[in-house]
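Reading the structure
Single-letter residue listing:
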Amino acid sequence: GGSMLDGKRVAILIAPKFHEEETTIPRDFLVSNNATVELIGLDESSVPGKVNKFSLTPDLTIADAEVDNYDAVIIPGGGAPECLRINENILEFIKQFWTTGKPIAAICHGPQVLISAQVLEGVTLTSYVGIRDDVLNVGAKWVDQAVCVDGQLITSRTPDDLDIFNK
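First, a word on scope: everything that follows refers to the structure included in this document. (Residues numbered from 1 in each chain as written. Predicted model: local features only at pLDDT ≥ 70, side-chain atom pairs only at ≥ 80, totals over all residues. Heavy atoms only, no water.)

1. Some points on the overall build of the chain
Counting secondary structure elements, the chain contains six helices and eleven strands. Against the compact-globule benchmark of 15 Å for 167 residues, the chain has a radius of gyration of 14 Å, which places it among compact chains. Dimensions of the chain along its principal axes, counting C-alpha atoms only, are 35 × 35 × 30 Å. Here the chain, with 167 residues, has 49% of them falling under the buried criterion. Taking the contacts inside the chain whose residues are at least 6 apart along the sequence as the reference set, 64% of them involve residues at least 24 apart. (Helix = DSSP H or I, 4+ residues; strand = E, 2+ residues; numbered from the N terminus. Rg over C-alpha atoms; globule rule 2.2 N^0.38 Å. Buried < 20%, exposed > 50% of the residue type's maximum accessible area, 1.4 Å probe, protein only. Contact = heavy atoms within 4.5 Å.)

Structure follows, in structure tokens:
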């Protein structure tokens, strides 16, 4: 049967120390629902996961990624957001994607990238509790719940929330 994800294209942003489950579980869920998923990296090199379970190789670099090619973007957590948030190409991509109104999903530490892209003022979201104050400091509202949806933004706290995050 068809799903609402048929033919959709989703970008997942990865960098060194990406959270393994937060990256692969949404990826596999999307693929199983007939979406196309592309991993976008800072460069072409393979990147290690947070606990070195495995590495992933980007399908393309952020320099080659076009906002118009994707229906949604996912930003997994782990240590990767710290690398992503200081990359100008990543921030420009996120700012442009935000203006399209298409869905952006972030989990755990993922919203760090959105903080640096300066798109969260007046937005309600959740995240790993350790970055709650950073979220509040940019004029966003922080809530403690498994999934928060505010307009185009979908956020979750931890890997424990992945099942409901996927839905």
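2. Topic: the packing of aromatic side chains
Scanning all chains against the criterion turns up three aromatic pairs. Ring plane angle 70° and centroid distance 6.4 Å describe the contact between tyrosine 70 and phenylalanine 93, whose orientation is recorded as edge-to-face. Placement of tyrosine 70 in the loop between β5 (60–61) and β6 (72–75) and of phenylalanine 93 in helix α3 (residues 88–100) is noted, with a sequence separation of 23 residues between them. Residue classification places phenylalanine 93 among the buried positions, given a relative accessible area of 3%. Residues phenylalanine 93 and phenylalanine 97 carry aromatic rings whose centres are separated by 6.0 Å and whose planes lie at 25° to one another, so their mutual orientation is stacked. Residue phenylalanine 93 and its partner phenylalanine 97 are both found in helix α3; the two are separated by four residues, about one turn of the helix. Among the residues examined, phenylalanine 97 registers a relative accessible area of 0% and is labelled buried. (Phe/Tyr/Trp six-rings, centres within 6.5 Å; stacked < 30°, edge-to-face > 60°.)

3. So, the sheet that holds strand β11 (residues 153–156)
As summarised here, the arrangement of the seven strands in space is β5-β2-β1-β6-β7-β11-β10, forming an open sheet in which the pairing is mixed. Edge positions in the open sheet fall to β5 and β10 (147–150), since each of these has one partner strand only. Here strand β1 (residues 9–13) pairs with β6 via three bridges, running parallel. Residue alanine 11 lies in a different strand from β6, and its bridge partner there is valine 73. This element, helix α1 (residues 20–32), spans β1, β2 (36–41), β6 and β7 (104–107) of the sheet and lies at about 150° to β2. Packing of α3 onto the sheet brings it into contact with β1, β6, β7 and β11, and relative to β6 it is tilted by some 135°. (Pairing = 2+ DSSP bridges. Axes fitted to C-alpha atoms, helices over the stretch in contact; angles between N-to-C directions.)

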